[in-house]
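If you want the building blocks of each chain, they are given just below.
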Amino acid sequence: MKIGIVCYPTFGGSGVVATELGKALGKLGHEVHFMTYSQPMRLDFFNQNIFYHEVTLQSYPLFKYPPYEMALASKMVDIAKFAKLDLLHVHYAIPHASAAYQAKQILALQGINLPFITTLHGTDITLVGRDPSYEPVVSFSINKSDGVTAVSNNLKEDTLRLFDVEKDIKVIPNFIDLDRFKRQKKEHFKTAICPNNEKLIVHTSNFRRVKRVEDALRIFKQISDKMPAKLLLVGDGPHRVNVEALSRELGVTDDVRFLGKLDAVEEVLSVADLFLMPSEKESFGLAALEAMACEVPVISSNAGGIPELNIHGVTGFVSNIGDVDDMSKNALHVLNDDNLETFKAAALARAKELDIKKIVPEYVDYYREILDSQMAGV
Ligand code: GMT
């Protein structure tokens with residue numbers, strides 16, 4: 001198949017899923033055309049089946065806000081014709097789904113049928129998309145998509161509850177490349193961070209409000225009051241300054257390190273004992289899946305789709321959003337030497353169920369289903 005993929009190229013789960021999917025499809029022999037405003041972060045290798053087309057914006061003094069959606073729709077039209085795409089797969093509804101609809105209509109006038117699939121990733125539904133400034137267009141473009149997927153059952157339910165959507169939504173969960181995300185021997189790194197064999201706790205996120213990184217720090221404080229421990233914070237974003245200030249207030253600065261944005265997050269996860277995800281919203285929790293693949297149990301909130309990934313009492317524990325005391329109590333239970341190895345093994349076993357090799361074929365089957373229904377005129 002010839003597939004166009006549209007996503008946000010920077011750090012962020014939806015862009016990671018889209019890029020890894022495109023790479024996997026390319027390796028399977030499909031021709032994949034990425035269309036984004038810059039090179040996707042994880043599109044970092046050569047494959048003869050993978051192409052990248054940059055969406056360029058013309059600036060003009062009149063434009064306070066350059067019309068990205070128009071430029072993207074024009075690029076979709078151009079690449080669909082040039083590469084003879086079979087279908088378009090857009091990740092994150094805003095503004096990709098409405099741009100895809102525009103492109104589809106333009107192409108239809110030229111006698112070309114371009115079906116498009118929209119994958120909903122989370123905040124495009126639960127946060128930004130429901131804002132009245134976007135909601136009518138989001139609802140419309142979901143309904144006009146030829147196929148719609150969501151990354152968890154919870155996100156599907158939220159979409160049906162929050163939007164006037166009649167479309168059937170197929171759930172295809174996030175997946176993980178177990179060849180990359182696996183526990184590696186990085187003992188020198190562990191010794192440097194934890195010279196006295198302290199337990200190593202990790203949190204990775206974009207430090208936005210919904211991630212509740214302050215909760216992660218408060219949980220760590222309660223852990224370190226009871227056992228020697230260190231906390232690594234990976235990522236960057238608007239709340240980093242608040243978290244830095246809180247770490248001084250809590251008196252934990254000697255045990256907390258801010259690593260900023262890292263490409264090789266799997267190296268840090270390889271030496272971790274526990275992963276914290278206290279998010280307020282999380283449609284799936286890809287960062288937790290990355291940790292689990294590296295044999296790291298998860299202490300999380302019960303937000304959104306997290307409980308579908310982090311199995312309570314098995315791969316870690318889930319608690320009500322903001323219940324720092326419960327998360328701390330659970331963290332201490334998991335970190336107990338009598339329990340830790342069992343939780344680590346269970347985390348890996350759960351990650352294996354979401355192996356990229358199992359999940360990508362679900363997308364391929366769905367593409368075929370959509371193409372077949374178009375041929376049959378359904
Ligand atoms: O978590 C973020 O803020 C990034 C966001 C994105 O759109 O890139 O991630 C969302 O999509 C990921 C991939 O499907 C999911 O694993 C994340 O749970 C989801 N984030 C939220 O729902 C907040």
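A brief look at the structure comes next. (Residues numbered from 1 in each chain as written. Predicted model: local features only at pLDDT ≥ 70, side-chain atom pairs only at ≥ 80, totals over all residues. Heavy atoms only, no water.)

1. What to know about empty space enclosed by the protein
Turning to step 1, where the next piece is worked out: Taken as a whole and judged by the stated rule, the model has 1 cavity of 30 Å³ or more.
Turning to step 2, where the next piece is worked out: Within this model, the largest cavity holds a volume of roughly 80 Å³.
Turning to step 3, where the next piece is worked out: Together, V16, V17, E20, R42, F175, I176, D177, F181, L286, E290 and I356 line the largest cavity.
Turning to step 4, where the next piece is worked out: When contributions to the lining of the largest cavity are tallied by element, the ones reaching two or more residues are α1 (13–27) and α11 (286–293).
Turning to step 5, where the next piece is worked out: It is α1 that provides the largest number of residues to the lining of the largest cavity, a total of 3 residues.
Turning to step 6, where the next piece is worked out: Taken together, the residues of the lining of the largest cavity sort by class into 7 nonpolar, no polar and 4 charged. (1 Å grid on protein atoms, 1.4 Å probe; cavity = no way out; pocket = protein on both sides within 12 Å on 5 of 7 lines; lining within 4 Å. Points joined across faces, edges and corners; volume = space filled by probe spheres on them. Helix = DSSP H or I, 4+ residues; strand = E, 2+ residues; numbered from the N terminus. Nonpolar A, V, L, I, M, F, W, Y, C, P; charged D, E, K, R; others polar.)

2. A look at the sheet that holds strand β10 (residues 256–260)
Turning to step 1, where the next piece is worked out: Here we have 6 strands laid out as an open sheet, ordered β10-β9-β8-β11-β12-β13, and parallel in their pairing. Only two strands of the sheet have a single neighbouring strand rather than two, namely β10 and β13 (316–319). On average, each strand axis in the sheet is inclined to that of its neighbour by 20°, with strand direction left out of account.
Turning to step 2, where the next piece is worked out: Strand direction decides the pairing type here: strand β8 (residues 199–204) and strand β11 (residues 274–277), joined by 2 bridges, are parallel. Paired with V202 across the bridge in β11 is F275.
Turning to step 3, where the next piece is worked out: Set on the sheet, helix α8 (residues 213–226) makes contact with β8, β9 (229–234), β10 and β11; between it and β9 the angle comes to about 165°. (Pairing = 2+ DSSP bridges. Axes fitted to C-alpha atoms, helices over the stretch in contact; angles between N-to-C directions. Contact = heavy atoms within 4.5 Å.)

Keep in mind these numbers describe shape, not what the thing actually does.
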